[in-house]
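Structure assessment
One letter stands for each residue in the lines below.
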Amino acid sequence: MSAPAEQSGDHAGSQPPPLLEARGIVKKFGDFAANDDVALVIQPGEKHALLGENGAGKSTLVKMIYGVMQPTSGEFFWNGRQVVIHKPAEARDMGIGMVFQHFSVFDALSVVENIALALPPQPMRALSERIRQVSEAYGLAIDPGRAVHTLSVGEKQRVEIIRCLLQNPKLLIMDEPTSVLTPQETELLFQTLEKLAAEGCSILYISHKLEEVKALCDAATILRHGRVVAHCDPKAETARSMAEMMVGDQIAWVERQDRAAGGGPVRLKIDHLNLAAESEFGVTLKDLSLEVHGGEVVGIAGVAGEGQAELMEALTGEVLSDSDATIHIDGVPMGRADPTKRRLAGAAFVPEERNGHAAVGALTLSENIILAHHTAEGIAARGWIDFSKASDWAGRVREGFDVRAASENPVAASLSGGNLQKFVVGREILREPGVLVVSQPTWGVDAGAASVIRRALIDLAAKGSAVLVISQDLEEIFSICDKIAVIHHGRLSKEHPAAEMTPEKVGLLMGGAHPEDTEIPTEEMA
Amino acid sequence: MILLDPRPQPSRALALLSPVIAIVLTLVAGGILMAAMGKDPVEALSIYFFQPFKEFWLWLTLPPGEAEMWLYTPSEVVVKAIPLALIGAGLAVCFRANVWNIGAAGQYTLGAITGGWIALSAPDGASGIWLVPYLAAGALGGMAWAAIPALLRVRFNANEILVSLMLTYVAAQLLDWLVRGPFKDPAGFGFPESKEFQDGFIMPVLVGGTRLHLGAVLAIVAAVALWLMMTRTMKGFQVRVIGAAPRAGAFAGFSQDRTIWFALLLSGGLAGLAGAVEVSATVQQLQPQISAEYGFVAIIVAFLGRLNPIGALFGALILAVSYIGGENAQIMLKLPKAVTGIFQGMLLFFLLACDTLIHYRIRLAAPGRA
């Protein structure tokens with residue numbers, strides 16, 4: 001680790017210039033500096049990590065490198081020559097490729113059609129051949145003729161990577177690439193990236209997953225509040241030391257305590273739940289069963305799009321199942337009850353999407369209280385809304401969960417992701433529900449907020465509630481859950497005590513090693 | 001280069017200011033149009049838009065005896081505004097639910113037909129109490145017509161914009177057939193029109209010497225009631241949530257299907273009521289032309305009123321001024337009738353453009369550097 005500003009100097013000596021150098025980059029949005037005097041140096045063939053919490057300015061910096069936006073001041077140098085990158089097409093011409101966090105592929109088109117869209121016109125057959133060559137050379141197995149909607153998330157990412165590779169990039173930017181991958185898929189991706197780097201292509205790897213950065217990268221730049229706080233060698237640091245650089249002060253690490261979990265009564269029971277997919281892009285739920293006892297936190301792991309959304313909708317009552325007996329809340333069969341009835345029975349829910357599902361961006365915070373509590377907490381008795389009760393609730397949530405906002409009762413859309421997430425989680429937890437189902441509780445949330453939310457989930461279980469956490473974040477699952485089950489292709493594995501599980505075993509189940517097999521994979525398999 | 005930057009919070013000030021800017025821009029563009037047609041723009045605009053206000057002012061300020069003669073034009077503005085306000089208030093709620101009922105004109109026509117059916121089949125000497133079933137039938141007719149797009153949307157996911165719009169033409173043809181067939185006045189010399197309604201079916205006039213009728217009270221009551229519903233009750237909250245984020249509505253336990261039914265039946269019922277009110281107050285019989293285009297103009301009313309039922313009252317008054325102004329312009333300036341439609345169209349166009357400013361701010365930048 002060295003002081004921030006040291007690395008950019010002149011490269012007049014015998015050393016070749018760095019591939020990319022950023023000097024004094026400032027990007028202001030109004031008065032707010034998203035990037036403030038940022039320096040970044042990437043050498044040819046280097047795997048460089050860009051680390052930081054959400055809102056630290058990583059995306060802003062990368063967007064400027066890729067020409068999506070322009071810095072307010074500061075300079076970029078490409079192979080030692082100053083450049084101004086006006087738009088992404090110029091960045092691509094220079095040899096910069098980018099794989100976005102949210103894929104820009106069209107589901108209705110085939111792999112080759114999607115790739116052709118990004119390239120100059122050429123015969124489809126020749127392009128398919130080139131795709132095949134690149135995919136073989138880099139271990140990115142994909143069939144160019146397949147329709148994209150039939151691909152898994154990991155495969156869609158490969159389409160994006162191949163699209164970049166066909167343009168022979170010298171710098172490949174990867175924005176949080178592993179958030180949707182199983183540990184095994186991540187391993188494959190790293191092999192591809194290692195191979196690319198060995199051939200001289202530099203990688204700029206954006207992440208907040210510290211173990212991955214340690215495994216892959218040989219240099220790191222850490223951003224906090226828009227400023228570079230450190231350049232370091234991730235292999236020489238611990239995950240914890242890098243986390244502290246990212247967050248700035250000591251974080252309260254939430255650890256699962258060994259509690260006498262499972263002693264309480266069964267408060268949430270899913271009993272042979274089957275649910276046909278609503279559309280051809282949906283997932284059919286097949287024979288799911290799970291019991292969550294009072295006092296325990298049960299985690300459902302799985303990569304994105306394996307049926308989590310469908311399960312969540314079946315649990316909230318947004319989609320009704322065929323029989324009342326498939327879902328029991330505190331012993332009451334409620335498979336066909338609407339969300340309001342389930343809430344009255346003591347259940348509470350936090351869906352994955354905070355904007356547009358758990359909350360309405362255009363409504364104020366107190367109106368967003370009404371959204372969930374209109375009947376269960378008597379805010380709208382006999383059809384008339386009691387606004388003072390709602391704003392009282394909103395105030396208590398804001399206070400209890402440290403929700404920071406600019407004004408007294410702002411619209412939800414004006415809150416940062418972390419604050420809105422604290423609000424929607426706090427809104428449900430303050431009811432002290434007997435059953436809480438929460439999906440992706442800390443998705444896209446900074447470490448401070450994540451720690452508050454995880455702490456609250458554990459505390460709720462400690463008071464005797466049953467907490468079910470659906471999450472793609474294995475670190476999170478392992479840090480808060482007493483039992484772990486895995487969802488894959490709409491099937492749910494048996495739950496196992498967390499102490500008996502390892503990330504590798506969960507990873508195997510996530511990849512569908514034995515979806516029907518309820519046994520834990522043995523050591524040899526892992 | 002003009003750039004649009006998203007605002008962190010939608011601007012409340014501009015949400016209210018946008019209609020004012022749009023009206024000013026419409027006047028400027030209208031002035032240019034008048035000049036291009038060879039008229040003095042200042043004179044033309046003053047006849048078009050300011051005459052009714054001027055006469056209203058005269059009525060307010062002149063001493064009794066001189067004032068009365070200036071009441072007629074303002075009262076005619078209100079008469080025009082009544083159906084616009086009734087329909088516009090319903091559409092404001094409907095659009096808030098993100099349900100796009102474009103066929104209020106058809107529901108209006110059906111309201112006139114079902115109301116007219118009651119009026120034409122009542123016994124001779126019917127008293128004023130008959131207005132109640134007459135108006136109820138009008139509202140039910142509008143609801144029935146709006147139920148068709150609601151059913152097709154909920155059952156088959158058919159686009160309510162197209163269905164409700166196309167039903168407008170069906171309704172117009174139905175009325176045309178009825179006044180040439182079953183409803184035709186046998187003593188009407190073969191004209192395509194019904195008998196005139198009996199006195200019991202005529203909306204009572206509120207102010208002597210004008211045509212200002214009871215419908216004004218209905219429009220105000222409807223607007224206030226809908227405003228209360230939207231701001232104070234769960235029903236209104238459901239409409240707003242389903243309209244803004246249907247998935248959040250499902251999470252809250254609100255039914256999207258029921259909200260679609262509610263939005264269409266409410267707006268259809270008010271359009272049907274407006275049809276019955278208007279026929280009873282003005283032409284007092286069924287005929288092929290019953291000003292069903294109010295159903296379309298009310299879309300502008302709803303937007304001008306910020307999709308707020310009380311706002312729709314003001315929107316209705318402004319659009320009514322454009323109708324009266326159009327008539328004045330025809331008489332005094334020999335301008336074609338189409339000018340009214342052009343003004344109304346420009347108003348909606350500028351309004352929708354100005355609404356962009358609620359969510360975005362304009363930034364000027366030199367080309368090349370963003």
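Note that the coordinates shown come from a computational prediction; the quantities given were computed from them, not determined experimentally. (Residues numbered from 1 in each chain as written. Chains lettered and ligands numbered in written order. Predicted model: local features only at pLDDT ≥ 70, side-chain atom pairs only at ≥ 80, totals over all residues. Heavy atoms only, no water.)

Below, the discussion takes up the overall build of chain A. Within chain A one finds 16 helices and 21 strands. Counting all 526 residues of chain A, 54% fall into the buried class. Look at the contacts in chain A between residues 6 or more apart in sequence, and 65% of them connect residues 24 or more apart. Roughly 21500 Å² of accessible area belongs to chain A as shown, and the carbon and sulfur atoms make up 51% of that amount. (Helix = DSSP H or I, 4+ residues; strand = E, 2+ residues; numbered from the N terminus. Buried < 20%, exposed > 50% of the residue type's maximum accessible area, 1.4 Å probe, protein only. Contact = heavy atoms within 4.5 Å. Areas by Shrake-Rupley, 256 points an atom, 1.4 Å probe, with all protein chains shown as cover.)

All names here are of chain A. The sheet built from four strands is open, its strands ordered β12-β11-β14-β15 with antiparallel pairing. At either margin of the open sheet sits one strand with a lone partner, and together these are β12 (285-293) and β15 (332-333). As paired strands, strand β11 (residues 266-275) and β12 are joined by six bridges and run antiparallel to one another. Looking at the pairing, leucine 268 lines up with valine 292 of β12. Its contacts with the sheet put helix α9 (residues 308-316) on β11, β12 and β14 (327-329), and the angle it makes with β11 is roughly 120 degrees. (Pairing = 2+ DSSP bridges. Axes fitted to C-alpha atoms, helices over the stretch in contact; angles between N-to-C directions.)

Residue and element names in this part refer to chain A. Ordered by their spatial adjacency, six strands build an open sheet running β6-β7-β8-β3-β9-β10, and the pairing between neighbours is mixed. Only two strands of the sheet have a single partner each, and these edge strands are β6 (96-99) and β10 (227-232). Going across the sheet, the axis of each strand differs from the next one's by a mean of 20 degrees, ignoring polarity. Bridging between strand β7 (residues 171-175) and strand β8 (residues 202-207) involves five bridges; their strand directions are parallel. Its bridge partner being in β8, methionine 174 is matched across the sheet by tyrosine 205. Contacting β3 (47-51), β6, β7, β8 and β9 (219-224), helix α1 (residues 58-65) runs over the sheet at an angle of about 150 degrees to β8. This element, helix α5 (residues 153-165), spans β6 and β7 of the sheet and lies at about 175 degrees to β6.

What follows is about the nonpolar core. Nonpolar side chains in soluble globular proteins tend to end up buried together. Ranked by size, the top nonpolar core spans 102 residues in total, and within it Leu86, Ile87 and Tyr134 of chain B carry the most contacts. The element best represented in this core is helix α3 (residues 72-96) of chain B, accounting for 13 residues. Filtering out sequence-adjacent residues up to four positions away, isoleucine 87 of chain B remains in contact with Ala104, Tyr108, Ala271, Ala274, Tyr294, Gly295 and Ala298 of chain B. Membership of the second largest hydrophobic core comes to 89 residues, among which are Ile270, Leu275 and Ala348 of chain A together with Ile242 of chain B. (Core = buried A, V, L, I, M, F, W, Y, C linked by side-chain atoms within 4.5 Å.)

Residue and element names in this part refer to chain B. Tracing the chain through its elements places serine 267 in helix α10 (residues 256-281). Serine 267 gets classed as buried once you look at its relative accessible area, which sits at 0%. A polar contact is formed between the side chain of serine 267 and the backbone oxygen of alanine 263, at a distance of 2.8 Å. Discounting residues that sit within four places of it in the chain, serine 267 has contacts with Gly90, Leu91, Cys94, Asn101 and Gln107. (Polar contact = N/O pair within 3.5 Å; in protein donor to acceptor, adjacent residues only side chain to side chain.)

Here we take up helix α14 (residues 447-462) of chain A. Residue and element names in this part refer to chain A. The end-to-end C-alpha distance of α14 is 22 Å, a good match for the 22 Å that 16 residues give at a rise of 1.5 Å each. Restricting attention to buried positions, one finds in α14 the residues Ala449, Ala450, Ser451, Ile453, Arg454, Ala456, Leu457, Ile458, Leu460 and Ala461. Those residues of α14 hidden inside the fold are in contact with β13 (297-301), α13 (417-429), β17 (435-439), β18 (466-470) and α15 (474-480). The positive-phi residue at the C-terminal boundary of α14 is glycine 464, with phi of around 110 degrees. (Expected span 1.5 Å × (residues − 1).)

As a further point, take the confidence of the model for chain A. All names here are of chain A. On average, residues of chain A score 85 in pLDDT, and 90% of them are at 70 or above. Across residues 1-12, where pLDDT falls below 50, the model places 21 contacts with residues more than four positions away in sequence or in other chains. Segment residues 515-526 is flagged for pLDDT under 50; beyond a separation of four residues in sequence, or across chains, it makes 18 contacts in the model. (pLDDT = per-residue confidence, 0-100.)

Applying the stated criterion across every chain, the model contains 16 aromatic pairs over all chains. For the pair tyrosine 294 of chain B and tyrosine 323 of chain B, a centre-to-centre distance of 5.6 Å together with 85 degrees between the ring planes defines the contact as edge-to-face. Of the two residues, tyrosine 294 of chain B is situated in helix α11 (residues 294-304) and tyrosine 323 of chain B in helix α12 (residues 309-333); the sequence distance between them amounts to 29 residues. With respect to class, tyrosine 294 of chain B is no different from tyrosine 323 of chain B; both count as buried. Taken together, Trp130, Tyr134, Phe197 and Phe201 of chain B form an aromatic cluster joined through their ring pairs. Positioned above the aromatic ring of tryptophan 393 of chain A is the side chain of arginine 396 of chain A, whose terminal nitrogen or guanidinium carbon lies 4.7 Å from the ring centre. Above the face of the phenylalanine 262 of chain B ring, lysine 235 of chain B is positioned so that its terminal group lies 4.8 Å from the ring centre. (Phe/Tyr/Trp six-rings, centres within 6.5 Å; stacked < 30°, edge-to-face > 60°. Lys NZ or Arg CZ within 6 Å of the ring centre and 35° of its normal.)

This part takes up a nonpolar patch on the surface. Residue and element names in this part refer to chain B. A contiguous nonpolar surface patch, about 530 Å² in accessible area, is contributed by Ile2, Leu4, Tyr360, Ile362 and Leu364. Elements supplying a minimum of two residues to the nonpolar patch: β1 (2-6) and β2 (360-364). With three residues, β2 is the largest single contributor of residues to the nonpolar patch. Mapped onto the fold, isoleucine 2 is located in strand β1. (Patch = residues over 30% accessible without salt bridge, like charges linked within 9 Å, V, L, I, M, F, W, Y side chains within 5 Å. Salt bridge = Lys/Arg side-chain N within 4 Å of Asp/Glu carboxyl O.)

Before going further, it helps to spend a moment on the environment of asparagine 98 of chain B. Residues and elements named next belong to chain B. Locating asparagine 98 in the fold gives a position in the loop between α3 and α4 (104-121). Of the residues examined, asparagine 98 reaches a relative accessible area of 37% and is grouped as partly exposed. Remark: the alpha-carbon pair of asparagine 98 and phenylalanine 350, spanning 252 residues in sequence, is separated by 21 Å.

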